[in-house]
Amino acid sequence: MNSWLVDEKFKEVLNKLNFMKGNKKLPSLLSLVFIIFVFSIVSNEGLASNGSLICDGMKQYNGRADIDVSSVLQQCINNAMSNQIVEIPPGKYYIANQIRFNLKPVRLQTQGKSETMPKCSYQETHDCAELIALPSLNAYGGVIYITIGNVVIDHIVVNGNKYQRENSDSGVRCKTGDNTYGFNIQSEASYFTITNSVSKNALCGTSLAVYNMPNNVSIFNNTFVSNGIHNKSGLFSDGVTVNDCTNSSFTNNEFLDNTDIDFIFGGCENCIVSNNTITHTASFGGSAFAGLMIHAWLNTSGNYTNADFSNNTINCGEQKMCGFGLYIGSDSWYVSNPFGGSVHNNVITNAQQGLIIDDAHDIQVYNNFVSNSGGPSNTSCGVRVGG
């Protein structure tokens, strides 16, 4: 039985109890038997022993690329109580419609997983729940859209399925300059947490967008991998895009072969960005314009007061697949003036240009280590020599 159906029966029982209480009647023996029966269903199928809601209606569709399970998952999320855990059985599930968190805060995770367990693998074979976008998925904000605070995503794999969606309606939007339909996840809410998860194969734009100037965002111990296609116009993608936020932390994440900017900020006051690793391999299609970029868009603050960017490692690979390793400023694209904070003890290796500062002010930059950067490298314009 689908967990949302169990939930509806549970509500029906509660309504019946309230009716009988209001009329000062005791339930009959038959009513008591029915109540016990429904509670046993909820305990054994709809609810786990820890009180989480198991979205077991999805399990039968594991691996079925011909079945859209988005309505089943959305119903589970909508029917959960505030701050309840919604668990998805491990497996691969295909979705044609956006999953939205807009009614109440919930925690979405793979069944049987907890925050202390090792993170999901980004490889094809893993033991987490994976949500895979079908070519027909075509929605602003992408695969998952979060507009309410206190949502947690833990041990979930989000797969934008970029190669199968390249010529879809969303792919056409990407190629004509509207990348907002190519995201994997967009969050516009404060107190959003994602951990132990994977966001991969975003069609374009970014695999995770943090928008709307939220506060207390926590992104830690995730993998952002193979998002976008660098050498196809309009189809490149950031790993994580933070427009502007405050009092947030971005730690211990892994970035691999993202194809626009791996990790980019437009402002982040009182933020901690540390112990992240950015890596590129030998594939030109997996190259990036920059590894880590601290700057301001024309519509963001560029305020990094009391922010700390430290102990991040950027390795663009032997073929130097990053244009810039660590970029503070944005003059290569547009003029902006980021300010505040400190950038220190970061390690940059194998970039076309290791560390560059453009028009930034009141930022402390010290003890960063750059090696094997500059010299000839492969670009879309052929072999060029970096500084």
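Residues numbered from 1 in each chain as written. Predicted model: local features only at pLDDT ≥ 70, side-chain atom pairs only at ≥ 80, totals over all residues. Heavy atoms only, no water.

1. Some thoughts on the pattern of salt bridges
Pairing of side chains with opposite charge becomes possible as their charged atoms draw close. Counted according to the given criterion, the structure contains 10 salt bridges. Of the charged contacts in the structure, one is a salt bridge between E115 and R107, with a shortest N-O distance of 3.1 Å. Note on E115: relative accessible area 38%, which makes it partly exposed. A relative accessible area of 18% places R107 in the buried class. Salt bridges sharing partners connect three or more residues here, namely K92, E124, E130 and K200. (Salt bridge = Lys/Arg side-chain N within 4 Å of Asp/Glu carboxyl O. Buried < 20%, exposed > 50% of the residue type's maximum accessible area, 1.4 Å probe, protein only.)

2. Some details on the state of the cysteines
Summed over the entire model, instances satisfying the criterion amount to five disulfides. Between C268 and C271 runs a disulfide, and the two sulfur atoms are separated by 2.1 Å. Because the torsion about its S-S bond is -80°, the bridge between C268 and C271 counts as left-handed. Relative accessible area serves as the criterion here: at 0%, C268 is assigned to the buried category. Each disulfide in the protein links cysteines that, numbered along the sequence, combine into the pattern 1-2, 3-4, 5-6, 7-8, 9-10. A disulfide-free cysteine, C245 has its sulfur positioned 3.4 Å from the sulfur of C268, the nearest such atom. Under the relative-accessibility criterion, C245 is labelled buried at 2%. (Disulfide = S-S within 2.5 Å.)

3. As for the layout of surface pockets
Computed from the structure, the largest pocket encloses a volume of approximately 430 Å³. Lining of the largest pocket is provided by 22 residues; of these, N179, G205, D238, D260 and W297 occupy positions nearest its centre. Elements supplying a minimum of two residues to the lining of the largest pocket: β13 (205-210), β16 (237-242), β20 (261-265) and β24 (288-294). Looking at the lining of the largest pocket residue by residue, the classes come out as 12 nonpolar, eight polar and two charged. (1 Å grid on protein atoms, 1.4 Å probe; cavity = no way out; pocket = protein on both sides within 12 Å on 5 of 7 lines; lining within 4 Å. Points joined across faces, edges and corners; volume = space filled by probe spheres on them. Helix = DSSP H or I, 4+ residues; strand = E, 2+ residues; numbered from the N terminus. Nonpolar A, V, L, I, M, F, W, Y, C, P; charged D, E, K, R; others polar.)

4. A look at the nonpolar core
Residues F101, I144, F250 and F265 are the most contacted members of the largest nonpolar core, which totals 63 residues. The residues touching F265, leaving out its near neighbours within four places in the chain, are V242, F250, V273, L292, M293, I294, H295, A296, W297, Y304 and F309. Ranked by size, the runner-up nonpolar core spans eight residues in total, among them I261, A290, F324 and I356. (Core = buried A, V, L, I, M, F, W, Y, C linked by side-chain atoms within 4.5 Å. Contact = heavy atoms within 4.5 Å.)

5. Some words on the confidence of the model for the protein
Scored by pLDDT, the protein comes out at a mean of 89, with 85% of its residues at no less than 70. When the criterion is pLDDT under 50, residues 1-45 qualifies, and its contacts beyond four places in sequence or with other chains add up to 39 contacts. (pLDDT = per-residue confidence, 0-100.)

6. Examining the sheet that holds strand β12 (residues 198-200)
Taking strand neighbours across the sheet as the criterion, the 10 strands line up as β3-β6-β9-β12-β15-β19-β23-β26-β29-β32 in an open arrangement whose pairing is parallel. Strand pairing shows two members of the sheet lacking a second neighbour, β3 (91-95) and β32 (369-371), which therefore form its edges. Between one strand and the next, the sheet's axes are offset by a mean angle of 10°, whatever the strand orientation. (Pairing = 2+ DSSP bridges. Axes fitted to C-alpha atoms, helices over the stretch in contact; angles between N-to-C directions.)

7. Digging into the packing of aromatic side chains
Enumeration according to the criterion identifies 14 aromatic pairs in this entry. Arranged with centres 4.8 Å apart and planes meeting at 45°, the rings of F263 and F265 form a pair that is tilted. Each member of the pair, F263 as well as F265, carries the same accessibility label: buried. Seen from their ring centres, F324 and Y327 are 4.5 Å apart, and the 45° between their planes marks the pair as tilted. Residue F324 is classed as buried on the basis of its relative accessible area of 11%. Members of the aromatic cluster, connected to one another through ring pairs, are F224, F250, F255, F263, F265, Y304 and F309. If you follow R173 out to its NZ or CZ, it ends over the ring of Y181, 3.8 Å from the centre. (Phe/Tyr/Trp six-rings, centres within 6.5 Å; stacked < 30°, edge-to-face > 60°. Lys NZ or Arg CZ within 6 Å of the ring centre and 35° of its normal.)

8. Some words on the sheet that holds strand β4 (residues 99-101)
Here we have nine strands laid out as an open sheet, ordered β4-β7-β10-β13-β16-β20-β24-β27-β30, and parallel in their pairing. Of all the strands in the sheet, the pair left with one neighbour each is β4 and β30 (353-357). The average undirected angle you get between the axes of adjacent strands in this sheet is 20°. Direction of pairing for strand β7 (residues 144-146) relative to strand β10 (residues 185-187): parallel, over a ladder of three bridges. Looking at β10, one finds that I146 is bridged to S187.

9. What about a nonpolar patch on the surface?
A surface patch of nonpolar side chains, amounting to about 280 Å² of accessible area, comprises L355, I357, V365 and V370. Position of L355 among the secondary structure elements: in strand β30. (Patch = residues over 30% accessible without salt bridge, like charges linked within 9 Å, V, L, I, M, F, W, Y side chains within 5 Å. Areas by Shrake-Rupley, 256 points an atom, 1.4 Å probe, with all protein chains shown as cover.)

10. Overview of the pairing of strand β9 (residues 156-159)
Because side chains alternate across β9, one face comprises the buried residues I156 and V158, and the other comprises V157 and N159, equally buried. Here four bridges tie strand β6 (residues 129-133) to β9, and the two strands are oriented parallel to one another. Bridged to I132 within β9 is N159.

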